Amino acid sequence: MLDIKLIRDKPDFVRQRLATRGAGDEKLIDGILQADDARRKALAEVETLKATRNRVSKEIGALMGQKKLPEAEAKKAETKTLGDKIAALDAEAKAADATRDELMLRLPNLPHESVALGKTAEDNPLVRTHGEKPSFAFKPKSHVELCQSLKLVDFERAVKLSGSGFLLYTNWGAKLERALIQYMLDLHTTQHGYTEVSPPYMVNEDCLVGVGQFPKFKDQYYGVAEGDKVEELGKLYLIPTAETPVANIHREELLAEKLLPIFYCAYTPCFRGEAGAAGLGTRGMIRVHQFDKVELIKIVKPEDGYAEQEKMVANAERVLQSLGMHYRVISLCTGDMGFGSAKTYDIEVWAAGQGSYLEVSSVSNCEDFQSRRMNMRFKTEAGENKFPHILNGSGTALARLFVALLETHQQADGSVLIPEPLQKYLGTSRIATA
RNA sequence: GGAGAGAUGGCUGAGUGGUUUAAGGCACACGCCUGGAAAGCGUGCGUAGGUAACACUACCGUGAGUUCAAAUCUCACUCUCUCCGCCA
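What counts, and at which threshold
Residues numbered from 1 in each chain as written. Chains lettered and ligands numbered in written order. Predicted model: local features only at pLDDT ≥ 70, side-chain atom pairs only at ≥ 80, totals over all residues. Heavy atoms only, no water. Helix = DSSP H or I, 4+ residues; strand = E, 2+ residues; numbered from the N terminus. Contact = heavy atoms within 4.5 Å. Areas by Shrake-Rupley, 256 points an atom, 1.4 Å probe, with all protein chains shown as cover. Lys, Arg positive; Asp, Glu negative; His and termini not counted. Charge placed at Lys NZ, Arg CZ, Asp CG, Glu CD. Expected span 1.5 Å × (residues − 1). Salt bridge = Lys/Arg side-chain N within 4 Å of Asp/Glu carboxyl O. Axes fitted to C-alpha atoms, helices over the stretch in contact; angles between N-to-C directions. Parallel < 35°, antiparallel > 145°, perpendicular 65-115°, else oblique. Left-handed = near helix turned anticlockwise from the far one by under 90°. Nonpolar A, V, L, I, M, F, W, Y, C, P; charged D, E, K, R; others polar. Phe/Tyr/Trp six-rings, centres within 6.5 Å; stacked < 30°, edge-to-face > 60°. Buried < 20%, exposed > 50% of the residue type's maximum accessible area, 1.4 Å probe, protein only. Lys NZ or Arg CZ within 6 Å of the ring centre and 35° of its normal. Domains from an automatic or database assignment. Buried area = accessible area lost by both parts, 1.4 Å probe. Polar contact = N/O pair within 3.5 Å; in protein donor to acceptor, adjacent residues only side chain to side chain. Pairing = 2+ DSSP bridges. Core = buried A, V, L, I, M, F, W, Y, C linked by side-chain atoms within 4.5 Å.

Visitor: Looking at this structure, how should I read the overall build of chain A?
Guide: Looking only at helices and strands, one finds 14 helices and 16 strands in chain A. Summarising its shape, the C-alpha atoms of chain A cover approximately 105 × 50 × 40 Å along the three principal directions. Here the contacts in chain A between residues at least 6 apart in sequence split such that 73% fall between residues at least 24 apart. Surface exposure of chain A reaches about 20,700 Å², of which carbon and sulfur atoms provide 50%. Each charge sign in chain A was given a centre, from 57 positive and 60 negative side chains, and these centres are 2 Å apart.

Visitor: Explanation requested: helix α8 (residues 172-191) in the structure shown.
Guide: In an α-helix there are 3.6 residues to a turn, and that puts residues three or four apart on one side. Helix length check: α8, at 20 residues, gives a terminal C-alpha distance of 27 Å against a target of 28 Å (1.5 Å per residue), a fit within 8%. In the stretch just after α8, Gly 193 is the one whose phi turns positive, near 80 degrees.

Visitor: Any chance you could explain the pattern of salt bridges here in plain terms?
Guide: Should their charged atoms come close, side chains of opposite charge can pair. Tallying each qualifying case throughout the model produces 26 salt bridges. Between Asp 90 and Lys 50 there is a salt bridge, with its nearest N and O atoms 3.2 Å apart. With Asp 90 in helix α5 (residues 82-105) and Lys 50 in helix α3 (residues 28-65), this residue pair connects regions lying 40 residues apart in the sequence. Among the ionic contacts, a cluster of salt bridges with common partners joins Arg 8, Asp 36, Arg 39, Asp 97, Arg 100 and Asp 101.

Visitor: How should I be thinking about the packing of α3 against α5 in this particular structure?
Guide: Packed helix pairs are characterised by how far apart their axes lie and by the angle those axes make with each other. Their axes nearest at 8 Å, the elements α3 and α5 cross at an angle of 155 degrees. Classed by the angle they form, the pair α3 and α5 counts as roughly antiparallel. As α3 packs across α5, the resulting crossing turns out to be left-handed. Taken together, the residues of the contact of α3 with α5 break down into 15 nonpolar, 3 polar and 10 charged.

Visitor: Sorry if this is basic, but what is going on with the packing of aromatic side chains here?
Guide: Centre-to-centre distance and the angle between the planes together describe a pair of aromatic rings. The full count for this structure, using the stated rule, is 9 aromatic pairs. Taking 5.3 Å as the distance between ring centres and 70 degrees as the angle between the ring planes, the aromatic pair formed by Phe 136 and Phe 138 counts as edge-to-face. According to the relative accessible area criterion, Phe 136 is partly exposed, its value standing at 22%. On the basis of relative accessible area, Phe 138 is assigned to the partly exposed category, the value being 25%. Among the aromatic residues, ring-to-ring pairing joins Phe 214, Tyr 221 and Tyr 237 into one connected group. One cation-aromatic arrangement involves Lys 298 over Phe 263; the distance from NZ or CZ to the ring centre is 4.3 Å. Here the guanidinium or amino end of Arg 328 rests over the ring plane of Tyr 357, the centre of that ring lying 4.0 Å away.

Visitor: What should I look at first to understand the domain arrangement of chain A in this one?
Guide: Interface size is often expressed as the accessible area that is lost when the parts come together. The domains assigned to chain A are domain 1 (4-105) and domain 2 (121-431). Put simply, the middle of domain 1 and the middle of domain 2, counted by C-alpha atoms, are 43 Å apart. Between domain 1 and domain 2, a total of about 620 Å² is buried, with carbon and sulfur atoms accounting for 41% of that surface. Area buried by domain 1 at its contact with domain 2 is led by Thr 20, Arg 21 and Leu 105, which between them contribute 84% of it. Along the contact surface separating domain 1 from domain 2 lie 1 salt bridge. The closest approach of N and O atoms between Lys 216 and Asp 25, which form a salt bridge, is 3.6 Å.

Visitor: Could you clarify how one ought to interpret the side chain of Glu 177 in this entry?
Guide: Here Glu 177 is to be found in helix α8. A distance of 3.5 Å separates a polar atom in the side chain of Glu 177 from a polar atom in the side chain of Tyr 169. Leaving out residues up to four positions away in the same chain, Glu 177 has contacts with Tyr 169, Asp 292, Leu 398, Ala 399 and Phe 402.

Visitor: How should the sheet that holds strand β5 (residues 236-238) be read in this particular structure?
Guide: Remark on secondary structure: sheet strands pair via backbone hydrogen bonds, oriented parallel or antiparallel. Read from one edge of the open sheet, 3 strands run β3-β5-β4, paired in antiparallel fashion. In this open sheet, the two strands that pair with only one neighbour each are β3 (202-203) and β4 (223-224).

Visitor: Any chance you could explain the nonpolar core here in plain terms?
Guide: In terms of nonpolar packing, the biggest core is built from 58 residues, with Leu 176 and Phe 402 touching the most fellow members. Here this core takes 8 residues from α8, the largest share from any one element. Non-local contacts of Leu 176, meaning those with residues more than four positions away in its chain, are made with Phe 402, Leu 405, Leu 406, Ile 418, Leu 422, Leu 426 and Ile 431. In this structure, Met 1, Val 14, Ile 29 and Cys 207 belong to the second largest nonpolar core, which totals 23 residues.

Here is the structure:
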């Protein structure tokens, strides 16, 4: 959520920054200003009436205390109609307030000034690349072929269980998935200063509103109900990312300044409806309804936000570097950035069998956009209450990393070499057909 | 699923219709005291809106209601805790 004062004071600036996203969000500003104005007018009026009522009520109380009943009754009659006017104006202010908030919650964050202007992914500037595309003396196989020949994933039976878009990892596939999760958690908690947390996989609506997934994108998530109680649908949702519960850990809290910065790291599965997503019906592991991810979250002072974002990207890159992967880092342009982000870096890992780069990490600084929605603040030493910057980044997403790992380290004989750091977690240096 | 208790500022905790302008305590900040500190004493100290600054308004889990006036009374709801039942 943006600061209403910023919208009030610099509406043209806000419109101009929103317009760079190319989604037409700047059109909401007029409605917001209108509702804000109506709210303020109604409040100014009703507050004056309330002041009168409070004053007279106190006089009545004093008169009653002195047993001057006739005078008290006269005062009562005087303020009798005040209540109705107050109620009407209160309702007016409340309605305007609701309208304003409804629009405010649908307004995306302003892109940071350093973000390149652009419309689509084609306009995303390349920041850097690491390593080179591996060369093969044979035609590299796709992960689907490798998973089948090495029996790492049973695509057909996963469909039987849950339909398309779900994966059944088997044998070394299941172990590799687990090894990757554990390796990344250990790396971030022992080398990068993050504290591990394991959050609920179902959260309430407030959490989704807090990070900006609701109300605008409500149709993309899985709601759950206990038993056959359809009326409970909408109370809890499967998390689309660990960001949803973890970023909300301190919602509605007033943190002591000395607690910052807070670094959290969490593994969770992620559940996404992916309604209308192209290619979901096809085989493979690139876009699925459920995948695993190790997520990084930082809650920091505003002045540290962007420096911490650079460090977070480096933390995610370290995973890929240590696994011997070729990847590139790109900076998302204004038109390609997510709803709550002010600045985002994507890390894309090379998948040789696919012959393409796969997004495995997205590192965003949402500035105070989310902390405002959550009413999460910290008190400075000067006694001022401020909204912290909240950052999130994948460190990294699985399934796609799994794919790139297989396709990068495949051998001519159809086996896959396991990078050294993973070997102790997996218990082998090579996965081969039995 | 059953029974009971509860929800008040950063924390704790009083408060059954009008000196509550939410007591007291803790924590915190500043001052006095001290060689320095602790203790003690004094002052300040909730959040948000509003104002040039005051004033003023709202907020005691949420939402309605009664009243001139609600933390306090009524109704509904949510959540938490304890015990019992079921259960990995």
